[in-house]
Amino acid sequence: MAFKDVVGHRRPIQILQKEIKGGRVHHAYLFTGMEGIGKRLVALNMAKALNCINQEGEACDHCNSCVRMDKGLHPDLIMIAPEGETIKIQQVRDLQREVAFKPYEARCRVIIVDGAERMTREAANAFLKTLEEPPPWTTIILLATNVEALPPTISSRCQRIRFNPLHQEEVRQILAHHLSENDAYVLASLAGGSPGRILRIDREEVIRIKKELKTLLSASVGQKMKLAQELAQEEGRGKIFLEILQSWFRDLIVYLEMGEEGPLLNSDLTDEVKKSASYLKTEKLLQDFWAVVRIQRGVEAHGNLQLSLESALLGLGGS
């Protein structure tokens, strides 16, 4: 894959290609944006573009350098990621020893630090020395989802490039390479702009909940309590349910206010949205929507997941 094959992120890619072709590549970049949207993919393609034997500013995907970088076998492409929860100082020290010499064969050695905000304080302080005195022929790319967690002394020494969430159609396009066309269509609405997120979740569970959503909301109190208990046994499943519920109310509101022209997130549930919207009111749906948002925030703040799910199910679903 080359820059031209990356779905979305046209602006960041244009900036990088212009700098590569103009010979104005910075010694360090900070790619920021939510997890799973393609920052690492663009970083890898930048490494290939900097060292491609056949083209300038783009990877050919066929030369020895491009092929070996794709396979993770190129000695001048160095990837660092958290070991466990953090990037440790020993990883940084090992890196510093490795980059003290000229590249083995590439024009430009590229260091990609994935999850840069998860460096320990000691690791960050050690890495700062590398940024202050960057080795010649070396480009450093930091990838971060929470840039505020990075020390300002590090972020200020990098050219920051922001990666925005992908559009739903772009997410579908990416998911279609990994999932069936129907699954990609159904699941894209939950990606929130991050196809990588969808590829990590229990997709069968998502599809099942979406199909049964209307039944779940109109179930008896006993059934709702039982469902809340089941969902709470796995934190991931419970959070997925709340996200589906939020998107469901959002789509009902959009359809009531905009009709056929409304862009629905759950386009696979269009018929169900139309039927439900016929006897619901926007004011009540707005209350339900924000109730779910408050419940989600409570869960993220380490609230009781089962109680939150019970509240979501027992308090919602009426007209």
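Reading the values: rules and limits
- Residues numbered from 1 in each chain as written.
- Predicted model: local features only at pLDDT ≥ 70, side-chain atom pairs only at ≥ 80, totals over all residues.
- Heavy atoms only, no water.
- Helix = DSSP H or I, 4+ residues; strand = E, 2+ residues; numbered from the N terminus.
- Buried < 20%, exposed > 50% of the residue type's maximum accessible area, 1.4 Å probe, protein only.
- Contact = heavy atoms within 4.5 Å.
- Areas by Shrake-Rupley, 256 points an atom, 1.4 Å probe, with all protein chains shown as cover.
- Lys, Arg positive; Asp, Glu negative; His and termini not counted.
- Charge placed at Lys NZ, Arg CZ, Asp CG, Glu CD.
- Axes fitted to C-alpha atoms, helices over the stretch in contact; angles between N-to-C directions.
- Parallel < 35°, antiparallel > 145°, perpendicular 65-115°, else oblique.
- Left-handed = near helix turned anticlockwise from the far one by under 90°.
- Nonpolar A, V, L, I, M, F, W, Y, C, P; charged D, E, K, R; others polar.
- Salt bridge = Lys/Arg side-chain N within 4 Å of Asp/Glu carboxyl O.
- Patch = residues over 30% accessible without salt bridge, like charges linked within 9 Å, V, L, I, M, F, W, Y side chains within 5 Å.
- Core = buried A, V, L, I, M, F, W, Y, C linked by side-chain atoms within 4.5 Å.
- Disulfide = S-S within 2.5 Å.
- Arc of directions from axis to C-beta.
- Phe/Tyr/Trp six-rings, centres within 6.5 Å; stacked < 30°, edge-to-face > 60°.

Participant: So what exactly am I meant to see when it comes to the overall build of the protein chain here?
Facilitator: What the protein chain contains, in helices and strands, is 15 helices and five strands. For the C-alpha atoms alone, the extent of the protein chain along its principal axes is close to 70 × 40 × 30 Å. Relative to its full complement of 319 residues, the protein chain shows a buried share of 49%. Once local pairs closer than 6 in sequence are excluded, the contacts in the protein chain between residues at least 24 apart make up 71%. A total accessible area of about 16200 Å² is found for the protein chain, and carbon and sulfur atoms account for 50% of it. Computed over 42 positive and 42 negative side-chain charges, the inter-centroid distance for the protein chain is 3 Å.

Participant: How should the packing of helix α4 (residues 89–98) against helix α5 (residues 121–132) be read in this particular structure?
Facilitator: Describing two packed helices takes the angle between their axes plus the distance from one axis to the other. Two elements in contact, α4 and α5, have axes separated by 8 Å at closest approach and are oriented at 20°. Considered as vectors, α4 and α5 are oriented roughly parallel to each other. The hand of the α4/α5 crossing is left-handed. Here I89, V92, L95 and Q96 of α4 come into contact with α5, specifically with E122, A123, A126, F127, K129 and T130. A per-class count over the contact of α4 with α5 returns six nonpolar, two polar and two charged.

Participant: Is there a simple way to think about the pairing of strand β1 (residues 28–32) in this case?
Facilitator: Regular strands have side chains that alternate between both faces of the sheet. The buried fraction of β1 amounts to five of the five residues, a majority that puts the element mostly inside the structure. The two faces of β1 match: A28, L30 and T32 on one face and Y29 and F31 on the other face are all buried.

Participant: How do you make sense of the pattern of salt bridges when you look at a structure like this?
Facilitator: Side chains that carry opposite charge are capable of pairing whenever their charged atoms lie near each other. All told, the structure shown has 13 salt bridges when counted by the stated rule. Notably, a salt bridge pairs K48 with D70, separated by 3.0 Å at the nearest N-O pair. Residue K48 is located in helix α2 (residues 39–51), and its partner D70 is located in helix α3 (residues 64–70); the two are separated by 22 residues in the primary sequence. Residue classification places K48 among the buried residues on the basis of a relative accessible area of 0%.

Participant: Can you help me understand a nonpolar patch on the surface in this one?
Facilitator: A contiguous nonpolar patch, built from V221, M225 and L314 and spanning about 260 Å² of accessible area, is present on the exposed surface. With respect to the secondary-structure elements, M225 resides in helix α11 (residues 221–232).

Participant: Can you help me understand the nonpolar core in this one?
Facilitator: Generally speaking, nonpolar side chains in soluble globular proteins are found buried as a group. If you look at the biggest cluster of nonpolar residues, it comprises 48 residues, and the most contacted ones within it are I198, F241, F249 and L252. For this core, the secondary-structure elements that each account for two or more residues are α7 (168–175), α8 (181–187), α10 (203–217), α11, α12 (235–258), α13 (270–277), α14 (282–300) and α15 (305–315). Here the element with the most residues in this core is α12; it accounts for 11 residues. Membership of the second largest hydrophobic core comes to 25 residues, among which are A28, I80, M119 and L142.

Participant: Teacher, can you tell me more about the packing of helix α1 (residues 10–21) against α2 here?
Facilitator: Packing of α1 against α2 brings their axes to within 11 Å, and their N-to-C directions diverge by 20°. As the angle between them shows, α1 and α2 are arranged roughly parallel. In terms of crossing hand, the pair formed by α1 and α2 is right-handed. Contacts between α1 and α2 pair I13, L16 and I20 from the former with V42, M46, A49 and L50 from the latter. Residues that form the contact of α1 with α2 fall into these classes: seven nonpolar, no polar and no charged.

Participant: In this structure, what is going on with the state of the cysteines? I would like to understand it.
Facilitator: Simply put, disulfide is the name for a covalent bond between the sulfur atoms of two cysteines. Applying the stated criterion to the full structure yields zero disulfides. No disulfide involves C63; its nearest neighbouring cysteine sulfur is the one of C66, lying 3.6 Å away. Note on C158: no disulfide assigned, nearest cysteine sulfur contributed by C108 at a separation of 15 Å.

Participant: Where do I start with unusual backbone geometry in this structure?
Facilitator: Trans is the prevailing form of peptide bonds, just as negative phi is the prevailing case for residues other than glycine. At H9, a position not held by glycine, the phi torsion is positive, near 60°. By the secondary structure assignment, H9 is in the segment before α1. Given a relative accessible area of 9%, H9 falls into the buried group. Even without glycine at this site, D61 takes up a positive phi of about 75°. When you line up the elements, D61 lands in the loop between α2 and α3.

Participant: What is the right way to look at α4 in this model?
Facilitator: Since the α-helix turns once every 3.6 residues, residues separated by three or four places project in the same direction. Inspection of α4 places Q91, V92 and L95 among the buried residues, and these make up the whole buried set. One side of α4 holds all its buried residues, which, seen down the axis, span an arc of 95°. Looking at the buried positions of α4, the neighbouring elements they touch are β2 (77–80), β3 (109–114) and α5.

Participant: So what exactly am I meant to see when it comes to the packing of aromatic side chains here?
Facilitator: Aromatic ring pairs: the centre-centre distance and the angle between the two ring planes describe each pair. Taken as a whole, this structure holds three aromatic pairs when the rule is applied. Look at F289 and W290: their rings are 5.1 Å apart centre to centre, the planes differ by 85°, and that puts the pair in the edge-to-face class. Taken together through their ring pairs, the aromatic side chains of Y29, F31 and F163 make up a single cluster.

So far we have only geometry, and geometry alone does not tell us how the molecule works.
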